[in-house]
Amino acid sequence: MPHLALDKVTVHYDGQPAPAVERVSLDIGKGDFVVLVGRSGCGKTSLLNVAAGLVAPARGQATMAGRPITAPGPDRAVVFQNDALFPWLTARENVAFALRLRGVPADKRARRADELLKLVKLDNAGDKRIWELSGGMRQRVGLARALAAEPEFLLLDEPLGALDALTRERMQTTLLDLWAAAQVGVLMVTHGIEEALVLATRIVVLAPGPGHVVRTFETHFGRRYAAGEPIRAIKADAAFAATRADLTDAIFEGEAA
Amino acid sequence: MSVGTYTERPAAKTGENDWLSVPWSRPRPKRAGVSARLISALTILALLAAWTVSAELRLVSPVFLPSPAAVWAKLVVAARDGFVDATLAQHITASLSRVFAALVVAIVVGVPVGLAIGISKVGRGVFDPLLESLRPIPPLAYLPLIVIWFGIGEPSKILVIAIAMLAPVALSTAAGVRGVSRERIDAARSLGATRGQVVRHVVLPSALPSILTGLRIALGAGWSTLVAAELVAATRGLGFMIQSAAQFLVTDVVMMGILVIATIAFALEFIIRRIEHALVPWTGRQ
């Protein structure tokens with residue numbers, strides 16, 4: 001089973017006096033949903049970029065199935081907060097982008113793109129232009145585009161950060177559906193405490209100065225949803241509220257009140 | 001104009017908006033568009049009226065300011081019988097083909113150069129100073145050199161115009177390339193794009209709006225240079241026609257030539273904007 005692993009990774013950007021992240025280790029298996037949370041400046045996105053191969057660690061190592069990560073690759077597809085879609089392409093062509101790069105014939109990649117659009121519940125939006133879609137629909141296209149690359153892992157950098165609260169809530173269950181259907185490992189960065197609880201199988205709490213892990217929570221709420229339990233019932237569970245309080249404490253631990 | 005409330009409008013209606021606004025933007029009260037056009041039309045009419053009055057009253061000698069009627073008459077004569085051995089259509093064709101040949105040269109050279117400036121340090125180091133020093137030189141200054149090097153044939157004329165077009169095309173391309181969002185490139189790379197694929201599938205399309213703007217500016221520069229280019233050994237062309245007329249103080253032909261160039265430049269501008277709407281409809285709407 002392939003693992004995406006960070007081993008004592010330190011990230012130090014050029015011209016910065018202190019590292020952004022110091023000696024952080026993570027291990028994500030296929031089927032895990034790991035969520036990074038923490039206050040601004042704790043290096044969440046830096047870690048995600050190291051896993052993506054977009055940022056090289058100053059020390060330590062990132063590995064994919066045991067092999068060092070030196071560049072981005074379709075085995076670790078990234079979805080960004082600002083969808084980063086291509087406005088000159090239709091929704092379908094955006095989704096098919098990774099297939100086009102591989103030289104998949106046009107009819108075959110259109111068929112696959114339509115399947116993926118259906119998976120993210122955008123059955124009839126294939127011919128739409130990107131600017132005709134709402135923020136939530138764009139993020140669905142972004143997710144479908146990432147899944148088209150047939151990744152082992154999805155790296156999500158605050159994918160729901162730019163959405164309104166209601167859309168965001170609906171997208172959280174969509175993410176869980178995709179995670180279950182696509183059988184991928186997920187590494188996600190978010191600012192949302194409830195979002196982390198709803199989605200994660202593991203929540204890693206980071207603190208700044210330089211970024212380090214303060215606590216790790218093993219959670220099961222996302223798995224319960226994937227197993228069929230309604231999301232409202234899960235959120236109403238006393239365990240949910242209790243974990244939420246612990247998580248909030250962990251995030252703000254050490255910060256002057 | 002608020003963002004986020006775009007309503008779709010049929011493309012045919014885009015002409016109603018002024019050029020700064022976006023075709024799918026919120027429909028504005030119709031009168032705003034009409035009155036702007038009306039003001040333009042009235043301005044032109046007022047200028048024509050002032051011109052007619054001063055010419056008719058002989059406020060200015062016809063040698064300096066021929067009447068609109070005289071200019072119109074010259075247009076008809078030039079179109080039918082020609083002026084200096086060529087009809088107006090032949091002059092226009094000669095000038096247009098020079099400008100467009102030069103535009104092709106400027107695109108073929110300028111877009112790759114702009115791309116190199118935008119994506120590589122070496123490219124920027126090599127081409128940026130060259131372009132920046134070439135840009136302010138007036139065409140009349142390098143015209144003699146071009147003639148010495150390449151003779152007095154058609155290639156020299158095209159080259160003079162192309163040099164004037166090169167900087168706007170290359171610099172607009174470079175600006176467009178540098179403006180491509182980091183996330184778009186990173187997303188493409190994480191989907192498996194090689195460096196070449198990133199350039200072809202992400203950087204170039206992202207830079208297209210900027211490149212098209214560059215072409216529009218380049219066409220303007222090209223028309224400005226046309227007269228200089230046709231100074232040397234031309235037998236046809238609007239610039240040549242104007243210069244020949246000027247030597248014999250045929251002011252009505254000079255004015256007719258100027259108005260023809262203005263009309264053509266205006267029409268080309270309109271066409272390019274149409275092309276922009278068709279090719280890069282996403283501009284300003286992300």
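As a reminder, the structure under discussion sits directly above these lines.
Criteria and thresholds
- Residues numbered from 1 in each chain as written.
- Chains lettered and ligands numbered in written order.
- Predicted model: local features only at pLDDT ≥ 70, side-chain atom pairs only at ≥ 80, totals over all residues.
- Heavy atoms only, no water.
- 1 Å grid on protein atoms, 1.4 Å probe; cavity = no way out; pocket = protein on both sides within 12 Å on 5 of 7 lines; lining within 4 Å.
- Points joined across faces, edges and corners; volume = space filled by probe spheres on them.
- Helix = DSSP H or I, 4+ residues; strand = E, 2+ residues; numbered from the N terminus.
- Nonpolar A, V, L, I, M, F, W, Y, C, P; charged D, E, K, R; others polar.
- Axes fitted to C-alpha atoms, helices over the stretch in contact; angles between N-to-C directions.
- Parallel < 35°, antiparallel > 145°, perpendicular 65-115°, else oblique.
- Left-handed = near helix turned anticlockwise from the far one by under 90°.
- Contact = heavy atoms within 4.5 Å.
- Salt bridge = Lys/Arg side-chain N within 4 Å of Asp/Glu carboxyl O.
- Buried < 20%, exposed > 50% of the residue type's maximum accessible area, 1.4 Å probe, protein only.
- Pairing = 2+ DSSP bridges.

### Details of empty space enclosed by the protein
Residues and elements named next belong to chain B. By the definition in use, this model includes one cavity of 30 Å³ or more. Here the largest cavity is characterised by a volume of approximately 30 Å³. Leu143, Val147, Gly151, Ile152, Gly153, Ser156, Lys157, Val160, Ala229 and Val232 are the residues that line the largest cavity. The element best represented in the lining of the largest cavity is helix 6 (residues 154-178), accounting for three residues. Broken down by class, the residue content of the lining of the largest cavity amounts to six nonpolar, three polar and one charged.

### Looking at the packing of helix 7 (residues 182-190) of chain B against helix 8 (residues 195-229) of chain B
All names here are of chain B. Closest axis-to-axis distance for the helix 7/helix 8 pair is 10 Å, and the angle between their directions is 160 degrees. It follows from the interaxial angle that helix 7 and helix 8 lie roughly antiparallel. For the pair helix 7 and helix 8, the sense of crossing is right-handed. On helix 8, the residues touching Arg184, Ile185, Ala188 and Arg189 of helix 7 are Val198, Val202, Val203 and Ser206. Residue composition of the contact of helix 7 with helix 8, grouped by class: five nonpolar, one polar and two charged.

### Let's talk about the pattern of salt bridges
Pairs can form between side chains of opposite charge whenever their charged atoms are close. Counted by the stated rule, this structure contains 27 salt bridges over all chains. Close ionic contact of A:Lys121 with A:Asp177 constitutes a salt bridge, the shortest N to O distance being 3.5 Å. You can see A:Lys121 sitting in the loop between helix 4 (106-119) and helix 5 (135-148) and its partner A:Asp177 sitting in helix 6 (residues 165-182), a full 56 residues away along the chain. Of the residues examined, A:Asp177 reaches a relative accessible area of 31% and is grouped as partly exposed. Among the salt bridges present, the one from B:Asp81 reaches B:Arg80, with a minimum N-O distance of 3.3 Å. The same class applies to B:Asp81 and to B:Arg80, which are both exposed. When salt bridges with common partners are traced through the structure, they connect A:Glu169, A:Glu194, A:Arg232, A:Lys235 and A:Arg244 into a single cluster.

### Things to note about helix 9 (residues 238-247) of chain B
Of all ten residues making up helix 9 of chain B, eight are buried, and the element is well covered by its neighbours. Elements in contact with the buried residues of helix 9 of chain B: helix 3 (88-119), helix 8 and helix 10 (251-279) of chain B.

### Some words on the pairing of strand 1 (residues 3-11) of chain A
All names here are of chain A. By the bridge criterion, six bridges tie strand 1 to strand 2 (residues 21-29) in an arrangement that is antiparallel. Following the sheet pairing, Ala5 is matched in strand 2 by Asp27. As defined by bridge partners, strand 1 adjoins strand 4 (residues 59-64) across five bridges and the pair is classed as antiparallel. The residue of strand 4 that forms the bridge with Leu4 is Met64.

### Focus: the sheet that holds strand 2 of chain A
Sheet strands associate in pairs through backbone hydrogen bonding, adopting either a parallel or an antiparallel arrangement. All names here are of chain A. Judged by pairing direction, the sheet is antiparallel, and its four strands sit side by side in the order 2-1-4-5 without closing on themselves. Looking at strand neighbours, the two that pair on one side only are strand 2 and strand 5 (67-68), the edges of this open sheet. Contacting strand 1, strand 2 and strand 4, helix 1 (residues 44-52) crosses the sheet at an angle of about 125 degrees to strand 1.

### Points about the sheet that holds strand 8 (residues 185-189) of chain A
Residues and elements named next belong to chain A. Pairing in this open sheet of six strands is mixed, and the strands run 6-7-8-3-9-10 from one edge to the other. One side of each edge strand has no neighbouring strand; the edge strands of this open sheet are strand 6 (76-79) and strand 10 (212-218). Between one strand axis and the next, the sheet turns by 20 degrees as a mean value, whatever way the strands run. In the sheet, strand 6 pairs with strand 7 (residues 153-157) via four bridges, with the strands oriented parallel. Within strand 7, the residue paired with Ala77 across the bridge is Leu154. Across the face of the sheet, helix 5 comes into contact with strand 6 and strand 7 while running at roughly 170 degrees to strand 6.

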